[in-house]
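Here's the letter readout for the chains.
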Amino acid sequence: MRKLALVMTPMVFAASVAQASTTGSVGSAAVTKDKTQVEARFGYSEADDSSSQDERFRSRVQIDHGFTDFYAARVVLQQDKRKGNNYEHDSITIDNRFQFLDAETSGFDLGMRAGYQHKDGDKKPSAVTFGFFERIPVDAYEVRLNQLFAHDVGEEADDGLSAEARFQVTRAINDDHRLGLEGFHDFGNLNEQGGYSEQSHQIGPVAKGKLPVGNLKYEAGYRVGISEAAPDHNFKVFISRSF
């Protein structure tokens, strides 16, 4: 598995990268005018007893609206429950999303996001974030690549840029469901690189599609940690609805 990660990480970094968590996704570049999406995300991780990721439950609620076919905005509220602590509000994030290319005319989607994440209370520092998003349809397959970056701001901020690469490859199994594989590769602060074992690398299966009720969509997955610093087990379930 470790060799697999070493092979795939350069591929993703060249076409994909910042804050991996169980409520993170491999995002799309798509922006649709007048489309509003509400989404709830839940994630759970297990790791070594001494790790802050052990028995950690995260949740996230977000609302996204497309103002034009080029620009959408998103508000994200995140919650966190660490082992031995209370379930608490973690942060609020404002994201601006831009789509530059569309697969129907260019063969692939290309977009960018820029935002600000404000951390609550003693959970500082806050961060400014930006990233690039690609979606490449190939017959029944879809390839998504993300390159994500973050820079601390405010109290307790560290110097340097954090970087993360994400990829997802899925195949349609029918009109309503897709199955595939995804990987999250968090390189941490680029000014303080300590090698592969000190980075967080995860990989695992993912399923996504439509639910038979309420015009709802789902995404569910499991990722195993393939580097020493990564949580051993990572689970996620997302539910969304568009209007």
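Here the structure is shown first, and the text comes after it.
This text gives an overview of the structure that appears in the document. Starting afresh in each chain, residues are numbered from 1 along the sequence in its written order. Given that this is a predicted model, residues contribute local features only at a pLDDT of at least 70 and side-chain atom pairs are listed and counted only at 80 or more, while totals for whole chains, interfaces and linings are drawn from all residues. Each side-chain value is derived from all of the structure's non-hydrogen atoms; neither hydrogens nor water enter the calculation.

Runs of H or I in DSSP of at least four residues are treated as helices and runs of E of at least two as strands, each being numbered from the N terminus. Within the chain, the secondary structure is distributed over two helices and 12 strands. Element order for the chain, N to C, with α for helix and β for strand: α-β-β-β-β-α-β-β-β-β-β-β-β-β. On the principal axes, the C-alpha backbone points of the chain span a range of 45 × 40 × 35 Å. Counting only residues that meet the buried cut, the chain has 44% of its 243 residues in that class. Computed over 28 positive and 36 negative side-chain charges, the separation of the two mean positions in the chain equals 5 Å. We call a residue buried when its accessible area falls under 20% of the maximum for its residue type, exposed when it is over 50%, and partly exposed in between, using a 1.4 Å probe and counting protein chains only. In summary, the charge assignment counts Lys and Arg as positive and Asp and Glu as negative, without counting His or the chain termini. Taken as the charge location is NZ of Lys, CZ of Arg, CG of Asp or CD of Glu.

Right, let's talk about the packing of aromatic side chains for a bit. Pairing of aromatic rings covers Phe, Tyr and Trp, the last through its six-membered ring, and needs centres within 6.5 Å; plane angles under 30 degrees mean stacked, over 60 mean edge-to-face, and all others mean tilted. Within the structure shown, the criterion is met by nine aromatic pairs. Note on F57 and Y87: the rings are 6.1 Å apart at their centroids and 45° apart in plane angle, and the pair reads as tilted. You can see F57 sitting in strand β2 (residues 56–66) and its partner Y87 sitting in the loop between β3 (71–81) and β4 (88–101), a full 30 residues away along the chain. For the pair F67 and Y71, a centre-to-centre distance of 5.9 Å together with 25° between the ring planes defines the contact as stacked. For F67, a relative accessible area of 46% gives the class partly exposed. Residue Y71 is classed as partly exposed on the basis of its relative accessible area, which comes to 23%.

This part covers the side chain of E182. Relative to the helices and strands, E182 resides in strand β9 (residues 177–189). Judged by its relative accessible area of 0%, E182 falls in the buried class. Residues adjacent in sequence count toward polar contacts only when both atoms are side-chain atoms; beyond that, a polar contact is any pair of N or O atoms within 3.5 Å, and within protein one must be able to donate a hydrogen and the other to accept it. Side chain to side chain, E182 and Q168 meet in a polar contact 2.9 Å long. Within the structure, the side chain of E182 is placed 3.3 Å from the side chain of R223, a separation counted as a polar contact. Pairs of residues are marked as contacts when any of their non-hydrogen atoms sit within 4.5 Å. With sequence-adjacent residues up to four places away left out, E182 is seen in contact with V26, F167, Q168, Q202, I203, G204, V206, E219, R223 and K236.

On to the sheet that holds β4, then. Note on pairing: DSSP must find at least two bridges between two strands before they are called paired. In spatial order, the strands read β1-β2-β3-β4-β5-β6-β7-β8-β9-β10-β11-β12; together these 12 strands close into a barrel with antiparallel pairing. In this sheet, adjacent strand axes meet at a mean angle of 20° when their direction is disregarded. In this structure, strand β5 (residues 109–119) lies alongside strand β6 (residues 126–138), joined through nine bridges in antiparallel fashion. Residue pairing in the sheet places G115 in a bridge with T129 of β6. Inter-axis angles, ranging from 0 to 180 degrees, are taken between N-to-C directions of lines fitted to C-alpha atoms, where helices are fitted over the stretch in contact.

Once that is clear, we can look at unusual backbone geometry. Here the bond from K124 into P125 is cis, since omega is 10°, no more than 30 degrees from zero. Looking at the secondary structure, you find P125 in the loop between β5 and β6. Backbone geometry at D34 places phi at a positive 70°, although glycine is not the residue there. Exposure remark for D34: the relative accessible area of 51% places this residue in the exposed category.

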